[in-house]
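# Coordinate analysis (summary)
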Amino acid sequence: MKPRVFILYAPGNNCHHETAQAFQMAGAEPEIVHLTADLIGRKKRLIDCDIVAIPGGFSFGDHLAAGRLFALDLVFRLKDMLMEVREKHIPMIGICNGFQVLVNTGLLPGTGNIGEPASILDRNSSALFESRWITLSVEEAPCLWTQGLNGEQLRMPVAHGEGRLRLPRDFNENLCVFRYDQDNYPDNPNGSAMSRAGICDPAGRILGLMPHPERAIYPWNESEDGLKLFRQGVRAVAG
Amino acid sequence: MILHRYLRRKNDDPEAHVLQERLLKEGYSTLKNILIERVFRLENINENDADKLGPLLCNPVAEQLTNRSSFNETEGPVFEVGYQRAVTDPELPSILRGAVSLGIHSLSWARISHRYQFIGLDEPSAKEIVMHYLYNPQVQVLIQPGEIWDTLRPRGETGPVEHIPLQGLDEKALAELSHERRLFLDSSQMKSLQQIAGRLGRDLTDAEIEMFAQTWSDHCFHTTWKSLGLLKILQEATIAVNHPLVLSMFEDNAGVMDFYDGWALTIKGETHNSPSAVSPYGGIMTKHGGVIRDTLGCGQGAWPIGGSTIMGLGDPCMPWKDVPAGALHPRTILLDAIRGTADYCNPMGIPMMFPVYRFHPGYTGKCLALGHSIGLLPSEKAPKGRPEPGDIAILIGGNTGRDGLHGATVSSASMTSETATVDAAHVQIGHPIQERKFMEAIPVLRDRNCLRAITDLGAAGLSSAAGEMGAETGIWINLAKIPLKTEGMHPWEIWISESQERMLLCVPPEKTCAALNILERYEVPAAEIGKFTDEKRCRVVFDPAQDQAMLALPVNPPMTGEIVVDLDFADLRKGCPLPEIGIREKTIEEDEFRPDNIRTAEEAELAVEKLLSHLNCCDQSAAGFQFDNTIQGNTVIGPYGGVTKRMPNDLWIAAPLRGKPYGVTASVAFNPFYGEIDPAGLSKLMIIEAVSKLVGTGTRYQDIVLCDNFYTPRVTPDVAFSLSRMVETCCNLSRKFGTPFISGKDSSSGTFVNDKNQRIDVPPTLCVMALGRMPDVRKAVTKQLKTPGNLLYVLGPVSDRLGGSVYLDTLGHRGNLLPDPDENTLLALWKQLPPVQQKGAIVSVSPIGEGGLVRRLFEMAMGGGLGCSVDLQPLINSMTSGRPDAALFAEAVGAFVIEVPHAYRKEIESSLPVVPLGEVTAGDGLQITWETETLNLNMDRLIRIWERPFREVAQ
């Protein structure tokens, strides 16, 4: 059976279609699940899938802060489902706005409690939205999404205004999964310290990254590297 | 009861930092620091509950939330800027939703304002900064210290329908009425109104008069164009071309062409010049929102796949003292325009195809603010369905407010310095998330056959949309069913409100329930507001007491409550008298103006540097990189490319049918200088430039359609002549090439007049967008140079005319003769090219345009990380003038620079009209020789010169 991927949609998300396409090309069966109608409406449960993906976009307009409203719903209205997902070891991926959501819930970096964010994806140091192609280095990390990709360089786009990752002082650097391959602007488009572009939780199941792998999946995109990440994630849950 | 909370950054504040850098550059040298605080005003909440909002309002990692301001008022002047009460903060629905997530249900309204403190500046300097950079009186207020608001909710009032007596009014009284109500109707139009009222035998209502004013405005009715007969000849040309790919032209919200595999492409360009000139941030957002809704409302609903922003502006380096009273500084418009595009298009999730900024003093009073949108929909859903009697009218999207009242009539009138205060309400703030929500829902509604017809609400709001949709059957609407932003509104205000992010659906009765369910799932607000009838009348009531379901009402519901509008559609459409417009012919001087020739390499180097640092030629990626161009994942060629990632591609290619290599190709041509010399020549060059860009990349010219956007000054006999020449040329060339215009828009409002009688006319402006298709995007020929040793040629008709060129502009001249490529030569070339491209004989290509040959060589070389070695002599010899300046800088629209592998040398030279240039080199400089001169251009130096000017004004 193909692994089932729930791609969570809230008003303002705008990368769910291409994220679904990427998971499908990687061999999974994606389904777009609505935060309000399906989850808060209790028509679906998060544990009825093999992967939870939170896609990019501007959920709730990024009002007040990117990802904050989405995270508030997860933490204050769907905490039971999040706990179940954690218990069942269901992998998660948050891309761009999805990463911002995960950080706002505290699921990343994941050393504290749900609902107590310890980090922030802050305004880019340019104070501008940055839409560019960048190169990522895959770091040695205990992350199920990148097993077998260590040391590779992946090309994909970034497109965000709030991507400067600020982590607690005691962050375990081994959990940094992706770095921009150069630290200077604009190769590191947002000014993240130590060029960090993506991190995982200590269990290696929850991945968050600012760049958009789902926009680099066809031979006619500037690169197809993004597909590797989806393939590895799907392979990991397919066993 | 209103409570306050204050939010401050704990440590660094990127926003304050960037602002400070900018102000230091502007000369505020004593400025030590800027502090920024966000103030939340919260209505209907107690202190205890307000404290619980922490997780919603603040991230404690970087921010602190306090009950009092954290500023020390003695350290420097403080100013607070917020939205006017008439304007709803875009964040409001999110704040209310977040509060509910936290278990707080009482909160009824919230507002956010910004407090700025300037350390190291005196009060007047700080105030100047606020007025210049941080405050827009059109939508914002300066909140005074200690100011107490009794409520945050926009207040409103309603009132009975007024009946306006017209009978017996003389010309003067009619003119006064038009002026008082700001109808912008001329005396013949007012008389026509009087006749209609006479025929009806009753006074017209306020809403009816407003509706006539809106319907008959130049913006909606295109009175200038109709009176000159231009719309008709353009449409006739398209009909005559009878292009097999055209599915719909000029009749719908956008034009439609066939794509592949049962899919079709839509194309539309829309200007929003007047609002953007007075309130650029909101105006630009509205521009994008409006043209995107044209895509969503095309056929039975299309999915937007690409957008553009095309701006024409005055000199952004103009001294503040030279800015005409009543106009904004061009740089203010530029910065707000960039921000507006980013803040609307990025959340919409539609890739940016072309960010184009061009500068010309004629745009100082009224800028050009054009946006395009292209979309994708199943071909079978391209024809609009016809509403049928009994269908339900559903209004979706945002609430209706007092926004943009008189927007349509104002954009048809001249901008005066009064506009800034009198018509403030015609500007509003965009809410892209509202629009994105229905963008998600519309394809679902369409595919489940819920939509008989759909249209957007733009100028003239519901009155125009309902009129457009209901004209064939008749429509009945109850305005009391429309959700409002404010406490109350007059019925006529609801009827013509231009609140953004709304669309009108015509839903078959049996699909109403399904449609409402889908809309709810996508969190799109929806209201059943009326029915389509069978009596061909426009009937509008305001009846709060009507509580029957729309489905239960008869096909022609009774006129209960207050009668707001009761008119025959025929009167609305046919009653408008057209003005008589005289035409004065203008002749063009035939004696060609030429500047002093370039003699030495040193002179040439200086000229090249001036050219590449010209604002219309230089690197504009400082704006472009702020717009998402990879979203949707289908981008093949975005705005920028090459090894430096900054080479402008000049065209856009995407493969929107997921997993299939079918390509959409698109390009635009916009030039502010050519029209000043010769409007007919402008049309010719714009069409050829737009088509050439696509043909160069491998799109067959038979697979291309066009979209026009005209922008001209308020009509005078001279302007009428220019405009007629522009349109006639479009028609002639369209027929000649067999390339149809299928969509377009005209604006005849490009005149600014202020109370000092300063008048600024825009140059005659035409922007042409070309939309094409190609079967395999992998075969597209790209711009950057590929391989050292390959040969370079100029292909196609060369020209040595410099009129309208950027080069002449750098010398302070305009010139008087435009390049005039031969149409038959071009057509022959376009026919010849595809097989040559298919076999790989041309490996890189760039069509010559603004900046001429040397700019192409520079960009292609930079893109490839390579150089070139060029002998100009053959090109110079091929020109009648034999001048090197013409070879370097003439804007030979229609010609290309091409790169050819040696293996194809013979074939290319014998079969195509080429002039040899030289070859690609491994080094990264340009070496250009003629006679005994050798010009060596260092690439790094050129890049530094090229990347600086726009960046300096745009950041």
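Everything discussed here concerns the structure shown above.
Residues numbered from 1 in each chain as written. Chains lettered and ligands numbered in written order. Predicted model: local features only at pLDDT ≥ 70, side-chain atom pairs only at ≥ 80, totals over all residues. Heavy atoms only, no water.

### Here's the deal with the overall build of chain B
Helix and strand counts for chain B stand at 33 helices and 38 strands. Over its C-alpha atoms, taken along the principal directions, chain B stretches across nearly 85 × 70 × 60 Å. Counting all 955 residues of chain B, 65% fall into the buried class. Intrachain contacts of chain B at a sequence separation of at least 6 include 83% that bridge at least 24 residues. Just so you have it, chain B exposes about 32300 Å², and 49% of that area is on carbon and sulfur atoms. (Helix = DSSP H or I, 4+ residues; strand = E, 2+ residues; numbered from the N terminus. Buried < 20%, exposed > 50% of the residue type's maximum accessible area, 1.4 Å probe, protein only. Contact = heavy atoms within 4.5 Å. Areas by Shrake-Rupley, 256 points an atom, 1.4 Å probe, with all protein chains shown as cover.)

### Observations regarding the pairing of strand β19 (residues 526-532) of chain B
All names here are of chain B. In terms of burial, β19 is largely enclosed, as 5 of its 7 residues are buried. Across 5 bridges, the pairing between strand β15 (residues 392-397) and β19 is antiparallel. Following the sheet pairing, Leu395 is matched in β19 by Ala527. Pairing geometry for strand β17 (residues 475-478) and β19, over 3 bridges, is antiparallel. Directly across from Ile475, in β19, lies its bridge partner Phe532. (Pairing = 2+ DSSP bridges.)

### A look at the interface of chain B and chain A
Taken together, the contact between chain B and chain A spans 60 residues of the former and 54 residues of the latter. At the boundary of chain B with chain A, total buried surface from both sides reaches about 4800 Å², with 55% on carbon and sulfur atoms. There are 9 salt bridges connecting chain B and chain A. For the salt bridge of A:Arg166 with B:Asp12, the shortest nitrogen-to-oxygen distance reads 3.7 Å. Seen at the junction of chain B and chain A, the total is 27 residue pairs in polar contact (both at pLDDT 80 or more). Listed by contribution, the elements that provide at least two residues to the side of chain B that touches chain A are α1 (14-25), β2 (33-43), α3 (54-57), α4 (92-101), α14 (330-348), α17 (432-447) and β22 (635-637) of chain B. (Buried area = accessible area lost by both parts, 1.4 Å probe. Salt bridge = Lys/Arg side-chain N within 4 Å of Asp/Glu carboxyl O. Polar contact = N/O pair within 3.5 Å; in protein donor to acceptor, adjacent residues only side chain to side chain.)

### Topic: the side chain of B:Ser724
By the element assignment, B:Ser724 lies in helix α26 (residues 717-737). Each residue touching B:Ser724, except ones within four places of it in the same chain, is listed here: B:Leu228, B:Leu230 and B:Ile583.

### Quick word on the nonpolar core
Residues A:Phe23, A:Phe178, B:Ile898 and B:Ile908 are the most contacted members of the largest nonpolar core, which totals 164 residues. Here the element with the most residues in this core is helix α25 (residues 679-697) of chain B; it accounts for 9 residues. Not counting residues within four places of it along the chain, the set of residues in contact with B:Ile898 comprises B:Leu791, B:Leu792, B:Tyr793, B:Leu795, B:Ile842, B:Ser844, B:Val845, B:Ile908 and B:Val914. (Core = buried A, V, L, I, M, F, W, Y, C linked by side-chain atoms within 4.5 Å.)

### Some details on the sheet that holds strand β12 (residues 303-313) of chain B
Residues and elements named next belong to chain B. Here 6 strands make up an open sheet; going across it, the order is β9-β10-β11-β14-β12-β13 and the pairing mixed. The sheet is open, and its two edges are formed by β9 (246-248) and β13 (352-359), each paired on a single side. If you compare each strand with its neighbour and ignore which way they point, the axes differ by 20 degrees on average. Bridge count for strand β11 (residues 263-271) against strand β14 (residues 368-378) is 9 bridges, and the pairing is antiparallel. For Lys268, the partnering residue across the bridge sits in β14 and is Ser373. (Axes fitted to C-alpha atoms, helices over the stretch in contact; angles between N-to-C directions.)

### Describing the environment of B:Ser621
Residues and elements named next belong to chain B. With respect to the helices and strands, the residue Ser621 is situated in helix α23 (residues 621-624). Residues Ser621 and Val356, 265 residues apart in the sequence, show an inter-C-alpha distance of 9.7 Å. Beyond its immediate sequence surroundings of up to four residues, Ser621 is in contact with Tyr640, Arg646 and Arg951.

### Describing the packing of α26(B) against helix α28 (residues 823-838) of chain B
Residues and elements named next belong to chain B. At their nearest, the axes of α26 and α28 sit 11 Å apart, and the two run at 40 degrees to each other. The angle between the axes of α26 and α28 places the two elements in the oblique class. The handedness of the crossing between α26 and α28 is right-handed. Residue-level contacts link Leu733, Lys736 and Phe737 of α26 to Glu823, Asn824, Leu827 and Trp830 of α28. Each residue belonging to the contact of α26 with α28 can be placed in one class, and the counts come to 4 nonpolar, 1 polar and 2 charged. (Parallel < 35°, antiparallel > 145°, perpendicular 65-115°, else oblique. Left-handed = near helix turned anticlockwise from the far one by under 90°. Nonpolar A, V, L, I, M, F, W, Y, C, P; charged D, E, K, R; others polar.)

### Notes on the pattern of salt bridges
Following the criterion strictly, the structure yields 80 salt bridges over all chains and no others. Among the ionic pairs, B:Glu80 bridges to B:Arg41, the shortest N-O distance being 2.8 Å. Taken as a pair, B:Glu80 in strand β4 (residues 78-83) and B:Arg41 in strand β2 lie far apart in primary sequence, 39 residues in all. By the burial criterion, B:Glu80 is buried, and B:Arg41 matches it. B:Arg941 is the salt-bridge partner of B:Glu609, the closest N and O atoms lying 2.8 Å from each other. Within this pair, whereas B:Glu609 is found in helix α22 (residues 601-612), its partner B:Arg941 is found in helix α33 (residues 939-954), the two being separated by 332 residues in sequence. For B:Arg941, a relative accessible area of 38% corresponds to the partly exposed category. Linked through salt bridges whose partners overlap, the residues forming this network are A:Asp122, A:Arg164, A:Arg166, B:Arg9 and B:Asp12.

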